[in-house]
Amino acid sequence: MLAVALAVTVAAVRWARTRNGALRGADGEEADTIPTAVLEELGVRPADAELTVVQFSTAFCGPCRATRARLQQLQATRPGLAYVDVDAESHLDAVRALDVRRTPTLLYLRRDGSLLGRSSGAPRAEELTALVDAHTGARDGWGG
Amino acid sequence: MPSAPARLIDTRGPRFAAAVTSVVLAVALLTAGGWLVAAQAAVFAAGGLAGLRYAPYAVLFRTLVAPRLGPVRDREPEAPPRFAQLVGLLFTVVGAAGYLLGAPLLGAVATGFALVAALLNAVTGFCLGCELYLTVRRLMPARTA
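Remember, predicted model here, so these are calculated numbers, not experimental data.

## Details of a nonpolar patch on the surface
Thinking step 1. Together, M1(A), L105(B), V109(B) and F113(B) make up an exposed nonpolar region whose accessible area comes to about 410 Å².
Thinking step 2. Relative to the helices and strands, M1(A) is located in the segment before α1 (2-18).
Thinking step 3. A relative accessible area of 44% means that M1(A) is categorised as partly exposed.

What follows is the structure in structure tokens.
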């Protein structure tokens, strides 16, 4: 029984190290647009920036704090980035509509409102920075 | 939801507590020790219900471990690890009841889940109990503030 628990833990640790916080592209089965009504309810306006990052947080989420600090820091130095922190508990309809299951969940939106991708769990700082730089760096933007 | 200013704790405290919890639950699982699981449940209850400053492992950390570790590098709000204590309490109560009331398989499975969560937290800092919060919350109807 202890061996089973240890094996499960090893698998979970491996999962947490590789998948947690990793960006998942919006292609595939997931719709790559988010209903306008949901965005409006959350106060998200993708047209205002090259890249809009929407973070879902709760009061019982430890890593949300570090992710928030990181994004606020990036926002201060990258004018093309907009950041919206959403309290998941007060927007449960949106949480269900967007199938947010964990916190922090981050949605990455292009200027045209389409979904670039999402991630669940705290993203690694350098990956987050690279992603933001890749999508806010170009002067002309590319999202339309 | 707590509206008072968030109480901040040393992030190393919950990691230490998770490590101690892992050892306790591993021994409990090896020995099918229902009373040991019950003792761990009492530890979870103290931290989860009364606050982490009353949690036995947190007291141990503050008095014996922290003074030897050097200055605090990072603090975090108390709410997430405290919520996780309540999730741990739930699993260890079921585990202890299973062992002590003649359902050893139930006892072992519930204790095993608690051990996996504690070990994962100790090794990576990943808080499984905290992750469950939104999953459970979104199943319930919206609460009007």
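So that's the structure; there's more coming.
## Topic: the interface of chain B and chain A
Thinking step 1. Every contact between the two is made by 32 residues of chain B and, on the other side, 28 residues of chain A.
Thinking step 2. Between chain B and chain A, a total of about 2,600 Å² is buried, with carbon and sulfur atoms accounting for 69% of that surface.
Thinking step 3. For chain B, the biggest contributors to the area lost against chain A are E131(B), L134(B) and R138(B); these three give 26% of the whole.
Thinking step 4. Where chain B meets chain A, there are four salt bridges.
Thinking step 5. Applying the counting criterion to the chain B and chain A interface returns eight residue pairs in polar contact (both at pLDDT 80 or more).
Thinking step 6. Mapped by element, the contributors of at least two residues to the side of chain B that touches chain A are α1 (12-31), β2 (75-77), α4 (79-100), α5 (104-124) and α6 (128-137) of chain B.
Thinking step 7. Tallied by class, residues from the side of chain B that touches chain A come to 22 nonpolar, three polar and seven charged.

## Things to note about the UniProt feature "transmembrane region" (unreviewed entry) in chain B
Residues and elements named next belong to chain B.
Thinking step 1. Those residues carrying the UniProt feature "transmembrane region" (unreviewed entry) are residues 16-37, 43-65, 86-106 and 112-134 in this numbering.
Thinking step 2. Secondary structure content for residues 43-65 is 78% helix and 0% strand, while the C-alpha to C-alpha distance between its ends is 18 Å.
Thinking step 3. Between the first and last C-alpha atoms of residues 112-134 the distance is 23 Å; the span itself is 87% helix and 0% strand.

## Quick notes on the pattern of salt bridges
Thinking step 1. A complete count under the given rule lists 13 salt bridges over all chains for this structure.
Thinking step 2. R111(A) is the partner of E50(A) in a salt bridge, and the nearest nitrogen-oxygen pair spans 2.8 Å. Note that E50(A) is positioned in the loop between α2 (36-42) and β2 (51-57) and R111(A) in the loop between β4 (105-110) and β5 (115-120), a separation of 61 residues in sequence.
Thinking step 3. In this structure E50(A) comes out as buried when scored by relative accessible area, which is 15%.
Thinking step 4. For R111(A), a relative accessible area of 28% translates into the label partly exposed.
Thinking step 5. Note that R124(A) and E127(A) form a salt bridge whose closest N and O atoms lie 3.1 Å from each other.
Thinking step 6. E127(A) gets classed as partly exposed once you look at its relative accessible area, which sits at 38%.
Thinking step 7. When salt bridges with common partners are traced through the structure, they connect D99(A), R101(A) and R138(B) into a single cluster.

## Brief notes about the environment of C64(A)
All names here are of chain A.
Thinking step 1. Checked against the element boundaries, C64 lands in helix α3 (residues 62-77).
Thinking step 2. Given the relative accessible area of 1%, C64 is considered buried.
Thinking step 3. Distance in space between the C-alpha atoms of C64 and A130 is 19 Å, their sequence separation being 66 residues.
Thinking step 4. With near-sequence residues (within four places) excluded, C64 lies in contact with Q55, F56, S57, T58, T103 and P104.

## A closer look at the packing of aromatic side chains
Residues and elements named next belong to chain B.
Thinking step 1. Inspection of every chain in the model, using the stated rule, returns six aromatic pairs over all chains.
Thinking step 2. Measuring from centroid to centroid gives 4.9 Å for F83 and Y133, while their planes differ by 85°, and the two rings are edge-to-face. Separated by 50 residues along the polypeptide, F83 in helix α4 and Y133 in helix α6 bring together distant segments of the chain. Pair check on accessibility: F83 and Y133 agree, each one buried.

## Quick notes on the environment of R137(B)
Thinking step 1. Here R137(B) shows up in helix α6.
Thinking step 2. Since its relative accessible area comes to 4%, R137(B) is described here as buried.

## Focus: the nonpolar core
Thinking step 1. One finds I34(A), L42(A), F56(A) and L98(A) to be the most contacted residues of the largest nonpolar core, which totals 19 residues.
Thinking step 2. Those residues in contact with I34(A), other than ones at most four positions away along the chain, are L39(A), L98(A), L107(A), L109(A), G113(A) and L115(A).
Thinking step 3. Counting 13 residues, the second-largest nonpolar core is a separate cluster that includes A5(A), L29(B), A96(B) and A114(B).

Parameters and conventions
Position numbers for residues count from 1 along each chain, tracking the sequence in the order it is written. For naming, the first written chain is A and the first written ligand is 1, with later ones following in the order written. Under the rules for a predicted model, residues below a pLDDT of 70 receive no local features and side-chain atom pairs below 80 are neither given nor counted, while totals for whole chains, interfaces and linings still include all residues. Each side-chain value is worked out from all heavy atoms of the structure, with water and hydrogens disregarded. Patches draw on residues past 30% relative accessible area with no salt bridge. Two like charges within 9 Å are joined, as are two nonpolar side chains (Val, Leu, Ile, Met, Phe, Trp, Tyr) within 5 Å. All accessible areas in this document rest on Shrake-Rupley with a 1.4 Å probe, and a residue is counted as covered only by the protein chains that are shown. What counts as a salt bridge is simple: a side-chain nitrogen of Lys or Arg found within 4 Å of a carboxyl oxygen of Asp or Glu. Each helix is a run of H or I in the DSSP string that is no shorter than four residues. Each strand is a run of E no shorter than two, and both are numbered from the N terminus. We call a residue buried when its accessible area falls under 20% of the maximum for its residue type, exposed when it is over 50%, and partly exposed in between, using a 1.4 Å probe and counting protein chains only. The contact rule is simple, with two residues in contact once any of their heavy atoms fall within 4.5 Å. When two parts are put together, the accessible area they lose, computed with a 1.4 Å probe and summed over both, is reported as buried area. Counting of polar contacts relies on pairs of N or O atoms within 3.5 Å, with two restrictions inside protein: one atom must be capable of donating a hydrogen and the other of accepting it, and residues adjacent in sequence are counted only when both atoms are side-chain atoms. Throughout this entry, Asp, Glu, Lys and Arg are counted as charged residues, while Ala, Val, Leu, Ile, Met, Phe, Trp, Tyr, Cys and Pro are counted as nonpolar. The remaining residues, Gly among them, count as polar. UniProt positions are given in the numbering used here, feature names are shortened, and annotations may be inferred rather than shown by experiment. Stacked, edge-to-face and tilted labels apply to pairs of Phe, Tyr and Trp rings (six-membered ring for Trp) whose centres lie within 6.5 Å, assigned for plane angles under 30 degrees, over 60, and everything in between, in that order. Residues enter a nonpolar core if they are buried and are Ala, Val, Leu, Ile, Met, Phe, Trp, Tyr or Cys, with the set joined through side-chain atoms within 4.5 Å.

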